[in-house]
Structure formats: structure tokens, C-alpha cells
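# A closer look at the structure
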Amino acid sequence: MGIRRVGILTGGGDCPGLNAVIRAVVRKGMDIYGYQIVGVMEGWRGMMMEGLSQPLDLDKISGILPKGGTILGTSRTNPFKDPDGGEVIARNLKQMELDALIAVGGDDTIGVANRLYEEYNVNVVGVPKTIDNDLAGTDYTFGFDTAINIVMEAIDRLHSTAESHHRVMVVEVMGRDAGWIAVAAGISGGADVILIPEEPYDIDEVCALIQKRHSRGKNFSIIVAAEGAQPRGGEAVLQAAEKDAFGHVRLGGIGNTLSREIEKRTGFETRATVLGHIQRGGSPTAFDRILGTRFGIAAIDLVHQGNFGKMVCLHGLKVEAIPLKDAVAGLRTVDMELYDIAKVFFG
Ligand code: F6P
């Protein structure tokens, strides 16, 4: 079957670099391959509602490379919450005359793409994004580098105020199931303790590390905690118990919880900073612009080759492709060798 019209959507939490992908798909898809590129709005919600789309052209993508977020909008819509969701999407693709679809997203979005490919024969290609860097099958997702640079800068800034006031500063960062942001930003920002979901913490050990630092003359400390970090034998702190369409609860609050405990146990004045969605906003770094661009080009190349059911990925320095099902087979958690490096600087 010849390809004429290609859809592209962005799903799940937004991240810097999405617009670089869209721009690359449009530039190569239109200019080199002669395709019509259609932007499906608001992730899978747009695919469930025929008509929530717009043709993309060179005008629409002009100037978007440095912009954060996504010009297509996004949502956490899970079409498979509706028993007919798969069929609705397959039907809408026909109605919209889309011969192929590029789905840009994290494990939830790629999981939907995989089911559409396996169960409904949809010509789909995936592109991995997430600030969390926790998607299996790729060494990096774009968005992560921007996020860790934002957190690193925040840690740098917190150092000076922590030192002036002789305080302990707890920095809460994103990372529901994987602590990549905490570890990478913590190492680059010089954190004194880093807490991640992969290794439950003991509050007494955290306090002992802070006390050790203070006993060698340092009168301030920086603790970086991923939102999903849990105490040994305990649970991560919930911000909201209700689950989203993919079954995720909303985490948040560990910064304040830790701050109270540390102050109570050590007597050191402690403050919490919750970076929240600042980590997802704003202009992408050069690394994320380049990775997004390379992924966009690779995705439209896969479409051109008719190589569907794949997700583009980064292996070392090379952009390659793996089956969608391998990308959603499990979460990519923190490399514990990297965490061991971070631990050398604890306390
Ligand atoms: O998946 C990306 C992410 O930023 C997570 O780190 C975080 O837990 C979640 O999204 C927050 O989701 P929302 O934007 O829906 O609050």
C-alpha cells in the first residue's frame, strides 16, 4: 500500500523536544517523501474524536524548535478504557485517510500504539519521550536532559541560600517509578543525599549522613528526593489517591515529609522545595533538540520503509529501531552503578 497521508500525535505528559520531533517529521515527510502530514490534537483523545486534527505544513512548524510543550497538545487519554476504543481509532484512521500514524510518548502512549499495531493492524511507529528517562529499549528519551539541567540549576541556587542560612534543603523532583532525574541532577548538582524509588531509604541513615557532614564542618546539606522514593517498609507519599486513565496515582509531598522528619531528628533548620512541573516546561536543551530531530527523522524513515510496529531508540550514539512490544515490556530503572557513583559523595 502506498503511503500518502501520515498522522502524528503527542501523548502523556509533555516534555521539551516534542516540537523538534514534529518539525523533523513534517520537514522530511513533506519535502523529501511528498507526504501530507496531519497533526492529531491532544494525544489519543484526538484519535478517538474524528476531526480533532489539522494539516501541518512548513508555516505551522516555523519557529517551533526552541519552544517547550507540544504544538499538538497532549492528554492522558487511554482509548482502551473504552471496550470499543481500538475499533474507534482504526475506523477514525480510515475516515481521516491516514495511512500511518507516528505516536510520540512514554510507556502509556507507546503501550497503546503497540496494542493498535498487534490487535488492529494499525501502521504505527513510536517515538520515545519522557523527562523520566524510564522507557525500556532506549538509552535516552528526549526531555530528560532539559529536566536534569533545570534541576541542576535549582540545586546550584539552593546551595547558596542553604549555606547562608545553615540549612538543610530538600529538593523534591519528578520520577514516579524511576529515579533517573534525581540521580543525574543530584550528581551534577553535588547533592549530599539522593533518594530514589529503586532503593527504599531509612530516615535514620539519611539523618546520620547529614550529621556526618555537619560534624566535618559543613553547616548545610542538599537532599534530592524523587517523588516516588519510599521509606523502607513504607509507601511513597500520595498527592492524590485517584488514578488516571492508565492507573497511575499522583505522587508528591515527600519533600515536606522529609523536611519535617529531618528537622525533628537532627535539630537542623530544614526547608523543602518542590520543583514540580517546572521540570517539564520551557525550551529544550541542544541535546534534546538534536535527539528529538534525529528521532523524528528516523520515525518518518520507518514509515517510508513500511517498517511498522517499531519504536525509534538511541543505542549508544546510534538511532535504531526496536519492536514496540520490547519498549513496553518493563520499566527502565536507574543503573545502580550510577547510583553507586552518587553515593560516594553522600554525607
Ligand atoms: O511521566 C512524566 C511525569 O512528569 C512524572 O514524572 C510525574 O509523576 C507525572 O508525569 C506528573 O503527571 P501530571 O503532569 O499529570 O501531573
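Just so it is clear, the structure is predicted and the values come from calculations on it, not from any experiment. (Residues numbered from 1 in each chain as written. Predicted model: local features only at pLDDT ≥ 70, side-chain atom pairs only at ≥ 80, totals over all residues. Heavy atoms only, no water.)

A few words on helix H9 (residues 254–266). Between the first and last C-alpha of H9 there are 18 Å, a value that for 13 residues agrees with the 18 Å anticipated at 1.5 Å per step. In this fold, the buried residues of H9 make contact with strand E6 (168–173), strand E7 (193–195), helix H8 (203–215), strand E8 (221–226) and strand E11 (270–274). Looking one or two places after H9, you find Gly-267, whose phi comes out positive at around 80 degrees. (Helix = DSSP H or I, 4+ residues; strand = E, 2+ residues; numbered from the N terminus. Expected span 1.5 Å × (residues − 1). Contact = heavy atoms within 4.5 Å.)

Glancing now at empty space enclosed by the protein. Applying the stated criterion across every chain yields a total of 1 cavity of 30 Å³ or more. Its boundaries defined by the atoms lining it, the largest cavity holds a volume of some 30 Å³. If you trace the largest cavity, you find it lined by Gly-11, Gly-12, Trp-44, Ser-75, Arg-76, Thr-77, Asp-108, Thr-109 and Phe-246. Grouping the amino acids of the lining of the largest cavity by side-chain chemistry returns 2 nonpolar, 5 polar and 2 charged. (1 Å grid on protein atoms, 1.4 Å probe; cavity = no way out; pocket = protein on both sides within 12 Å on 5 of 7 lines; lining within 4 Å. Points joined across faces, edges and corners; volume = space filled by probe spheres on them. Nonpolar A, V, L, I, M, F, W, Y, C, P; charged D, E, K, R; others polar.)

A few words on the packing of aromatic side chains. Within the structure shown, the criterion is met by 6 aromatic pairs. Summarising the aromatic geometry, the rings of Tyr-339 and Phe-346 are spaced 6.1 Å apart at their centres and angled 75 degrees between planes, so their arrangement reads as edge-to-face. Take Tyr-339: its relative accessible area is 4%, and that puts it in the buried class. Phe-346 sits in the buried class, given a relative accessible area of 11%. An aromatic cluster is built from Tyr-140, Phe-144 and Phe-287, whose rings are joined through pairwise contacts. A cation over a ring is seen here: Arg-115 above Phe-80, with NZ or CZ 3.9 Å from the ring centre. (Phe/Tyr/Trp six-rings, centres within 6.5 Å; stacked < 30°, edge-to-face > 60°. Buried < 20%, exposed > 50% of the residue type's maximum accessible area, 1.4 Å probe, protein only. Lys NZ or Arg CZ within 6 Å of the ring centre and 35° of its normal.)

With that out of the way, let us pick up the environment of Arg-115. If you trace the backbone, Arg-115 turns up in helix H5 (residues 107–120). It is 9.1 Å that separates the C-alpha atoms of Arg-115 and Phe-80, two residues lying 35 residues apart in sequence. Those residues in contact with Arg-115 that sit more than four places away from it in its chain are Phe-80 and Tyr-120.

Inspection of the region around the ligand gives Arg-76, Ile-131, Asp-132, Met-174, Gly-175, Arg-176, Glu-227, His-277 and Arg-280 as its neighbouring residues. At 2.9 Å, a side-chain N or O of Arg-76 approaches an oxygen atom of the ligand. Separating an oxygen atom of the ligand from a side-chain N or O atom of Asp-132 is a distance of 2.7 Å. Protein chains shield 81% of the accessible area of the ligand, which is 400 Å² for the free molecule. Judged by the proximity of its atoms to the pocket grid, the ligand belongs to the largest pocket. The class makeup of the residues in the shell around the ligand is 2 nonpolar, 2 polar and 5 charged. Two domains each donate at least three residues to the shell around the ligand, and these are domain 1 (5–142 + 284–327) and domain 2 (145–281). (Near = heavy atom within 4 Å. Polar contact = N/O pair within 3.5 Å; in protein donor to acceptor, adjacent residues only side chain to side chain. Areas by Shrake-Rupley, 256 points an atom, 1.4 Å probe, with all protein chains shown as cover. Sits in = over half its atoms within 2 Å of the grid points. Domains from an automatic or database assignment.)

The element helix H7 (residues 180–189) is extensively covered by neighbouring structure, given that 8 of its 10 residues are classed as buried. Taken residue by residue, H7 has Trp-180, Ile-181, Ala-182, Val-183, Ala-184, Ala-185, Gly-186 and Gly-189 as its buried positions. Where H7 is buried, its residues contact helix H6 (144–165), E6, E7, E8 and helix H12 (336–343). Remark: Gly-190 follows H7 within two positions and exhibits a positive phi of approximately 75 degrees.

Scope: geometric values only; no functional claims are made or implied.
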